[in-house]
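# Fold and geometry: a report
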Amino acid sequence: MGEGLEEGVLALAARAFAAAGMDGGDALVVSAREGGLRRAVNVCRAHPKVAVLTAPGAGPAELGRELHPQTPRAFVVCEGLGGPDERVTRARPAEATTRPWRDPRVVIVHDPRWRGETAGWLAAGRPGPAGWALPEEDFEGRRGRVLCAEARALVLAGLGPRLGDLVWDLGSTGGAVGVECARLGAAVIAVDRDEEACETVRRNVRAHGVRLAVSRGTAPQVLPYLPDPDAVFVGGGGPPVLQECARRAPRVIVTVPPGPEAVGPAREALEAGGYSVGSVRLTVSRGEAPPAGGRRAEEPGSVFVVSGAIR
C-alpha cells in the first residue's frame, strides 16, 4: 500500500462518509488495492470504524468472506461516488458476499455498537497504550496460567504486533498476550479449549477495552479454520501445534515451553518448519535483594521463551 495514502484517496473516503451521512473523523482509512486486502481486513478486525478503498477482487464480497462470521461488523457500500449513479447500500458481511456490485469504490466497515470513544487530539483511531507487559494482577486467569510480565515482554518483542497484523494466541493463558497485542493495534484471535477458559479471555478483553475474537477448540485441530496469521504465540500444545503453525508460514512464532526438557523439541519443530530459532531462559525473582552473603527472600523461577523467524 506504499508509504501512505494520496490526498485523492482520503478525499474519496471523506465523500463516502458524507454520502452515507456518517462522521468519518474517527475512522481509519486503508486501501485494499495492490495486494493490500489482507492487511485491510486485519485493520477491520481490530478497529471499530474503517473506510476501505476497494479494487477488483478486493471489494465488498471479499471483505465479507474474510470477516464473516468471526468479526461482527456492518457494511456501508458506496458505489459510483461522484457520478450520476451514486448509491449507498447498508448490508451485513454475509449479504455482501452474494449481492451484485456495480462500482463499489469505498466500503465503510464499522461496529454499530461502538460509541466513538477517541482521543481529543487524534484525528482518527486511538493512541497506543501508555505501557505494555502489564502486571499479572491486571489479568484474570487460572492460577499459574497468566504469563508473568517479564516473559510477556519478551514474547511481545518477538511477535512485534502492529496495525494490519493478525496474531494467533493459542492456549491463551487468560488471553494476556492477545490482549496486549490488541492494545498495540493488531487484530487477534485467541484459542482455548473449553468455554470456561474462553469466558475468562472475554472478561479480560472487556476489562481492557480491546477487540479480540475468541475461538473455542483444541489446537492443532481448530487451526485450519482460522485465517492466516502474521505472528503466532503458542502457550500450549507442544511440537504438533508448532508444526501446524509453521505450515501457515507466519513471519514469527513464539512459544513458552513448560520446562527445560521441552525447549529442544520446540526448537526442532520450528527449525524443521523453516524458521531461524533462538531461545532465552529468563530468571524471575520477585523477592527483595538479599543482604551481602545472605539468601534470597524468594527463590527465583525460570521461564523459557523460544522464538522462530521465518527464513
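Residues numbered from 1 in each chain as written. Predicted model: local features only at pLDDT ≥ 70, side-chain atom pairs only at ≥ 80, totals over all residues. Heavy atoms only, no water.

The next thing to look at is the nonpolar core. Counting 31 residues, the largest nonpolar core has Leu147, Val155 and Leu159 as its most contacted members. Contributions of two or more residues to this core are made by α5 (149–159), α6 (176–183), β7 (187–192), α7 (195–208), β9 (231–234), β10 (252–255), β11 (275–284) and β12 (301–310). Broken down by element, this core gets its largest block of residues, five residues, from α6. In this structure Leu147 touches Glu136, Arg152, Val155, Thr173, Val177, Phe233, Val256 and Val303, once residues within four positions along its chain are discounted. Counting 26 residues, the second largest nonpolar core, distinct from the first, contains Leu170, Ala187, Ala269 and Tyr275. (Core = buried A, V, L, I, M, F, W, Y, C linked by side-chain atoms within 4.5 Å. Buried < 20%, exposed > 50% of the residue type's maximum accessible area, 1.4 Å probe, protein only. Helix = DSSP H or I, 4+ residues; strand = E, 2+ residues; numbered from the N terminus. Contact = heavy atoms within 4.5 Å.)

Looking now at the side chain of Thr89. Here Thr89 lies in strand β4 (residues 87–91). Assessed through its relative accessible area of 9%, Thr89 is described here as buried. For Thr89, the contacting residues outside a window of four places in its chain are Phe75, Val76, Val77, Glu79, Arg99 and Trp101.

With that out of the way, let us pick up the side chain of Arg152. Among the structural elements, Arg152 can be located in helix α5. For Arg152, a relative accessible area of 0% corresponds to the buried category. Looking at Arg152, its side chain comes within polar contact range of the side chain of Glu180, at 2.7 Å. Excluding residues within four positions of it along the chain, Arg152 makes contact with Ala133, Leu134, Pro135, Glu136, Phe139, Val146, Leu147, Ala176, Val177 and Glu180. (Polar contact = N/O pair within 3.5 Å; in protein donor to acceptor, adjacent residues only side chain to side chain.)

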